[in-house]
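These are the residues of each chain, in order.
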Amino acid sequence: DTEVTQTPKHLVMGMTNKKSLKCEQHMGHRAMYWYKQKAKKPPELMFVYSYEKLSINESVPSRFSPECPNSSLLNLHLHALQPEDSALYLCASSPGQGDKYGYTFGSGTRLTVV
Amino acid sequence: AQSVTQLGSHVSVSEGALVLLRCNYSSSVPPYLFWYVQYPNQGLQLLLKYTSAATLVKGINGFEAEFKKSETSFHLTKPSAHMSDAAEYFCAVSDNTGRRALTFGSGTRLQVQP
């Protein structure tokens, strides 16, 4: 299995809702990432989990909360989002962190906040 | 922190023509460099990577890139463009400091004219 699977593919949520994005890989990778991508922009790093330890991009609002139940799963919990949080959320994994292997990306979750 | 600059947000070529997408990096030490492609509403796919083993790197779909330390460049080329090459292309650098994650350039949209 050489894929990163993200669910759901599309999500529409209200500003008072709580939802979660899920990401799964079975390649034995020990680092997983959440990126946010706005239209016509490059992906921006949100969180890094390496060997199940979290590194945070300090600019990410607290309404985004990552969770790594095990080395194969990565969740992103969403609460009280704003319309400007609408974007494509990409999950990725790599054999190690900050290494030379490159990342394997999922196909993303298209999030719309209304 | 390491960064990459992509020159030209849009590049248009005719089918069968040479493709040249430009990327320059800023780093005091040779970094790990990558090219990714993104088709509409999809995740990112790794085209090729430079990890210091060879300066000319061959990737998928007929693409290649040459690492030139003297010019701090890692330009992506393909001898003959195909209609299916139309996509967004991102150059990225592996940041071996701080969060130790991929940092992307601003992207170049490639259009292929029939």
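Residues numbered from 1 in each chain as written. Chains lettered and ligands numbered in written order. Predicted model: local features only at pLDDT ≥ 70, side-chain atom pairs only at ≥ 80, totals over all residues. Heavy atoms only, no water.

## A few points about the sheet that holds strand 7 (residues 64-70) of chain A
Within a sheet, neighbouring strands are paired by backbone hydrogen bonds and run either parallel or antiparallel to one another. Residue and element names in this part refer to chain A. For clarity, the cut-off: Strands are treated as partners if at least two bridges between them are detected by DSSP. For the purposes of this entry, the term helix denotes a DSSP run of H or I that reaches at least four residues, the term strand denotes a run of E that reaches at least two, and both are numbered from the N terminus. Note on definitions: angles span 0 to 180 degrees between N-to-C directions of axes, and those axes are lines fitted to C-alpha atoms, for helices only across the stretch in contact.
One open sheet accounts for four strands, arranged 1-3-8-7; its pairing is antiparallel. Strands with a single pairing partner mark the edges of an open sheet, and in this sheet they are strand 1 (4-7) and strand 7. In this sheet, adjacent strand axes meet at a mean angle of 20 degrees when their direction is disregarded. Here four bridges tie strand 1 to strand 3 (residues 18-25), and the two strands are oriented antiparallel to one another. Paired with Gln 6 across the bridge in strand 3 is Cys 23.

## Concerning the sheet that holds strand 1 (residues 3-7) of chain B
Residue and element names in this part refer to chain B. In spatial order, the strands read 1-3-8-7-6; together these five strands make up an open sheet with antiparallel pairing. Strand pairing shows two members of the sheet lacking a second neighbour, strand 1 and strand 6 (56-58), which therefore form its edges. Recorded for the sheet is a direction-independent mean angle of 20 degrees between the axes of neighbouring strands. Note: strand 1 against strand 3 (residues 19-26), five bridges, orientation antiparallel. In the strand pairing of strand 3, Gln 6 is matched with Cys 23.

## Some words on the interface of chain B and chain A
For clarity, the threshold we go by: Contact criterion: two residues are considered in contact whenever any of their non-hydrogen atoms come within 4.5 Å of each other. Each of two parts loses accessible area, computed with a 1.4 Å probe, when they are put together; buried area is these two losses added. Salt-bridge detection follows one rule: a side-chain nitrogen of Lys or Arg within 4 Å of a carboxyl oxygen of Asp or Glu. Two N or O atoms count as a polar contact when they lie within 3.5 Å, although within protein this holds only if one can serve as hydrogen donor and the other as acceptor, and sequence-adjacent residues are included solely when both atoms are side-chain atoms.
On the chain A side, the residues contacting the 22 residues of chain B number 24 residues. Taken together, both faces of the contact between chain B and chain A bury some 1800 Å²; the carbon and sulfur share is 54%. At the junction of chain B with chain A, the criterion picks out zero salt bridges. Linking chain B with chain A are five residue pairs in polar contact (both at pLDDT 80 or more). Those elements that place two or more of their residues in the side of chain B that touches chain A are strand 4 (32-38), strand 5 (44-50), strand 9 (87-94) and strand 10 (102-104) of chain B. Sort the elements by how many residues they give to the side of chain B that touches chain A and strand 4 of chain B lands first, with four residues.

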